[in-house]
Structures are given as structure tokens and as C-alpha cells.
Amino acid sequence: MTAPARTETGWQRLDPRMLLVYPVTEIMKYIPVVLGSIIVGTTSGNPLWSLIPVTLVAAFGVARWFTTSYRIDADHVQLRSGIVQRRTLSVPRPRIRSVDVEADLLHRMLGLAVLAIGTGKQTGKGEEFKLDALDTSQIPALRTELLAHTGQPAPAHLDSAGAPHVSQPDAHADSGVEIGHWQAAWVRYAPLSLTGLAVVAPIAGLGAQYGLIDVVSKSAVVQHLDDDTAMIVVIVITGLTVLSLVLVSLAACAQYLATWFGLRVHDNGATLHLRHGLFTTRQITLDLARFRGATLNEPLLLRAAKAAQLEMIMTGENPRQKILPQAPRIAVERTLGELLRTRRRPHADASTAPAPNSTWAQHDKSTVPTPNSTWPRHDESTVAVPNSTWARRDESSSASAFTETDDTERPVATSLTKGEPTPVLANSTAPQPITGTALGTVELHRHGPAARRRRYTRAASPVGAVVVAMLAIVLTGGHLPPWTWTFPVVLALVMAVLAEDRYRGLGHRVLPGTTGPTWLITRRGSLDRNRDCLEAPGIIGWTVRQTFWQRRAGLATVVAATAAGKKAYLVVDIPIDQAAALIEAVTPGRLGER
């Protein structure tokens, strides 16, 4: 059952309670002007002068409500706003790709939420389609209606004859299978990313800009330092370093909790719904018809702790749409596996359902192709084979992917080279779909000794630059303490380790699907490593490029072009004689000619 079609309605205003929110947000936006007016009013002896800017700013906020309205008809969603310059934004409803609901503390206190519509187009500031704000009771029905073209079933209790916006519980957003949820123990992974540094660095930079460093350097303690206090200096520097690490870690944990607290990821087959946030809650609804793959993000410290982050590759969405934050690697792979297993075809109908006596365990009306059939695109459907071996889990078996009793993936056969059988689960005689564990753990093909030499050559460049600079200082009559020559030695060791790690992280793999699409897996990086898993149907073109040094080494970079995610996914430094075979294995028949 899909959401009922909306008949054309007139222009509607936002919730009247925004008359309390707009003045506050406008005053906070112009806080420097307000503070300046207060200072001027106080020094002039007439405090009433300070009220004039405050009144004008608050009046401007109130005027925003009277000049903002929206309308939803059968074909478009329109937003009209502007006080001096009137502007009307119009979005065709079939172009809506996501619905984002956000509410900060003030909005939550008043029972309001901001609804933003995403179309996949990059918009500048002030061009976003945001309804700021609506009553939270209106959000579920409105969200279902805006995403009706995705094939998302409407709640059974939604009254089609009711008012355009009726109060409905938000249970439909949480329908379907829970494929991921946040756990408090995951906070321990927060300091292993750079988010804490991103929070502390601007504060430290602001302090340095306003003379904090000068104050410290000119203090009496620093001025009286001498050779006898060298140990004290070392202790102080060590203490400040430890304190900085503690502050960065605490900032990372605070940001992690504020952003991802209470995360729930639900998959109802047509859409993926995320809900998270401690102070500012956010709900994101994504159209799964635009799913093209996933990225496992593994920075160095997270990788050492056997953790990762999961990002979606979707057309028309954020290139790094995060599904799971820093979490154990096993949880990331499990969520990816559940996403692949429970994802349904959004336009399937009852006519495509299997027979009632079918042994194909499922919880929706999606379809699965036969092992030898061509995998359908996201907007197609096929009749399921009653005795298909791709058994989906019944929804009644568990409400959450994390309470499954049979969620342990069996080992995947490692015979994946060209000309060999497609991998199946160990001890299984029937073709199986590719799982999240297979995408996340299958061994990748190395790129050979030439690629390794390029890693070491690049790593040696900064070491050589340091040595040349030091020799230039000495040859020009400068003096360098003997201990400074240990620096290039240490740097060379560090860069050698980094080069080896970069080579070990370089690789690719093609997983041919028997009951699903073929997958391209590519990985690169060391300090920030990404393992990109891309569906072959999502690839729209290929580029093989070589730099001057790659041509001399017999290497090339193969670029898979797609309309999703980062738009281009690179297989770096692959031997040139393997490039054509890679393209043919992923997308047979698309190999062009020079």
C-alpha cells in the first residue's frame, strides 16, 4: 500500500510556535551586533539605545514567519520565502531522494522539528529546501508522503481522508528490520579518530590569535628558566602533552556522544531510516533504490583497535553518508551484511511474490533472480524461484540484527581468481549471495613489486629533502649539533614502515555474483584507509590513466566512474596488463578501444 496521492492544496504557514524560535535564533546569529549595542548604550549613559538593535533583530525574525509558506501538490513541493526579495523554491516530487528531520534543544522543548528535503543536487547556503519548523506530529505522515514514489508502504493507520497533516505516531519510520544500533561501549573508539583534534584545534588557535602564547612566553616563570631547570621544562612539556591528549580524547568522546547517541538503523526494504543525537536529534530517511555500495573507513588507530566506520555509496546523496560511526569491525560487517540481505526491490508488487508454499523464507514481496539469470536493476523485479537457495530471514525471527542467534558468517572460500568457480560459503553446495563479511574480509589481490617500489620511492622523498637541507646548512658554514643527524635516520625508519603499510593496504578484488551483482572491491591508504565496495551495475564508465612515472614502472590507475558517492573509485597502481581484464571482469562487454 502506498501513500495516498495529495490533492492540490493552498499555501500553508509554518507552525506558529516558530514566532518564539525565530527571534532567539536571529539574536544569536547577530550576537556581535547585540553586544556592541549594549556596550555603546552603557558607555553613552543611555541603556535604551542598546534595545534598538535587539528589537530590530527580533522583529526581523518574526517577519520571517509571516513571509514563509509552503505548498505540496501532486507534482511539486514549493517553498516561498524572503522579506525584501521574494523567492520560490520548487522541487519535483520524483526528484526527492532523502528526507532529513532535525531538532535542537529549543525545537524539542516546543515540540517542533526541521524537515529538509534532499534532491542530490549540491546547493549553496540559503538554497536548501527546509521547512523550519513543523509540529513533530506532522512529520511521519509528511515524510511518508514525500517518499511515496520510492515504493515505501504507507502505515495502515494513515487516514487518507484526513487532513493534509494529521498527528500520527512515528512508528512507521522504525518499521522493518533493525540492522544496526549504537552501544555505549563504542565510545572508547572515539579518541582513535581526529574528531577531538578538530574540536580542540580551533579553540587553541583562537587563544594563540589573542596573544595566549605571548602571555606564556613573557611570564615570570618562563623568563627565569636556565640550564638548571631543564628537567622542570621537560616535565612541564610532558605534562602539557598528556593534558592535551586528555582534552582531545574528552572532546572526541563528547562529540561522539552528542552526535551518535541512541543511533538506530532500520531497513524496511524501500528506505533506510537513521535516528541519532543526544541534544540535537536527527532522523534521515534514504531511498534504497539509489544504493550502489558501501565504504569501510579504517584510519590507522581504528584499524589497530579492530574497528571501522561504515559509509553508504548512494546516488544523489552525501559522498560520505555515514551509517555507523566508530564501531567494532564485526558490528560494521554485520550491519553491511544485513543491509545486503534485507534490501528489497522498492517497486515489487504482489504479482512478483513467491507461491504460498515456497520454502523461500522472506518478509516482504521482493524478488531474487535465479542463479543463472541477470541481476535486475534497483527499479526492476523478477519472479522468485520457489526453491531458491537464497533464503532470507523471516522478520518474525528477530526484530534486530544484533539479537540473531544465527548471525555468524561461515568462512568464505578464497578461490576467486579468474577462471575459477565463484566463491560460496564453506561446506555449502549451493550458490550463496555475497555477504557483508565477504566484502569486508576477503583477501585482496596485491599489485606486485613495481607498486611496492613506488610506495618506497615516495616515502624516501621527504627523507632526501631533509638530508639535502641539512647538508646545505653545513656547506654554507652553518653549525648543526651532532644529535640532529639522528632525525633523518628516525624519519627514514618511520617512512619505511609507512611505505610498507601503504603497500599492504593497496589491493583490489572482483567478486562475481551468482545470486546478486558483481562487486568491485578496492582499497588504498595507510593513515586513512578506505575499503570501497561498489556494485557493478552502478558503474557507468571506466578510465585508465598513467602518469610519466607509472608508464616507466608499467603501472596504471583504473578509475570506475559512477553517479554515486565520490563519483570516481580508483584502483591505484595496478599492472597495466591487468587493467583490461579487471574492466572485463566487472562489466563484461564494456571494454572500449583506444
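This text goes with the structure placed above it.
This text gives an overview of the structure that appears in the document. Since the model is a prediction, treat every value here as computed from it, not as a measurement.

Overview of the overall build of the protein
- For the protein, the helix and strand inventory stands at 16 helices and 20 strands.
- Every one of the 594 residues in the protein was classed for burial, and the buried ones make up 45%.
- Contacts spanning at least 24 positions in sequence make up 61% of the contacts within the protein whose residues lie at least 6 apart.
- In the form shown here, the protein has an accessible surface area of approximately 30400 Å², with 62% of it arising from carbon and sulfur atoms.

Here we look at the packing of helix H13 (residues 448-475) against helix H14 (residues 486-504)
- The contact between H13 and H14 brings their axes to 9 Å, and the two run at 160°. For the element pair H13 / H14, the angle class is roughly antiparallel. Here H13 and H14 pass one another in a crossing that is right-handed. Seen from H13, the contacting residues are Gly448, Ala451, Arg452, Arg455, Tyr456, Arg458, Ala459, Pro462, Val463, Val466, Val467 and Met470; seen from H14, they are Phe487, Pro488, Leu491, Ala492, Met495, Ala496, Ala499, Glu500, Arg502 and Tyr503.
- Its residues assigned to classes, the contact of H13 with H14 shows 16 nonpolar, one polar and five charged.

So, the environment of Ala451
- Following the sequence through the fold, Ala451 ends up in helix H13.
- What makes Ala451 buried here is its relative accessible area of 0%.
- For the pair formed by Ala451 and Gln550, sequence separation is 99 residues and the distance between their alpha carbons is 9.1 Å.
- Excluding residues within four positions of it along the chain, Ala451 makes contact with Tyr503, Leu506, Leu555 and Asp573.

Digging into the sheet that holds strand S9 (residues 264-267)
- Spatially, S7-S6-S5-S11-S10-S9-S8 is the arrangement adopted by the seven strands of the open sheet, whose pairing is antiparallel. Single-partner strands in this sheet number two, and they are strand S7 (129-135) and strand S8 (177-181). Ignoring strand direction, the axes of neighbouring strands in this sheet form an average angle of 20°.
- Relative to strand S6 (residues 112-118), strand S5 (residues 98-103) runs antiparallel, the two sharing five bridges. Directly across from Glu102, in S6, lies its bridge partner Val114.
- Helix H5 (residues 139-146) rests against S5, S6, S7, strand S10 (271-276) and strand S11 (281-287) of the sheet, and its axis sits at about 5° to S6.

How each quantity is defined
- Throughout this description, residue numbers start from 1 for each chain and increase along the sequence as written.
- Only residues with pLDDT of 70 or above have their local features reported here, since the model is predicted, and side-chain atom pairs are shown and tallied only from 80 upward, although totals for entire chains, interfaces and linings are computed over all residues.
- Excluded from the side-chain calculation are hydrogens and water; included are all heavy atoms of the structure.
- Numbering of helices and strands runs from the N terminus; a helix is a DSSP stretch of H or I covering at least four residues, while a strand is a stretch of E covering at least two.
- Each residue is placed in one exposure class: buried if its accessible area under a 1.4 Å probe, protein chains only, is under 20% of its type's maximum, exposed if it is over 50%, and partly exposed if it falls in between.
- Residue contacts follow a heavy-atom distance rule, with two residues in contact if any of their heavy atoms lie within 4.5 Å.
- Computed with a 1.4 Å probe, the accessible areas rest on the Shrake-Rupley method; for each residue, only the protein chains presented here act as cover.
- All axes are obtained by fitting lines to C-alpha atoms, using only the stretch in contact for helices, and the reported angles, taken between N-to-C directions, cover 0 to 180 degrees.
- With respect to orientation, any angle under 35 degrees is reported as roughly parallel, any angle over 145 as roughly antiparallel, any angle of 65 to 115 as roughly perpendicular, and every other angle as oblique.
- Handedness of a crossing is defined here by the sense of rotation of the near helix relative to the far one, left-handed for an anticlockwise turn of less than a right angle and right-handed for a clockwise turn.
- Under the convention adopted here, Pro, Cys and the residues Ala, Val, Leu, Ile, Met, Phe, Trp and Tyr are nonpolar, Asp, Glu, Lys and Arg are charged, and Gly plus all remaining residues are polar.
- One requirement defines pairing of two strands: DSSP has to find at least two bridges between them.

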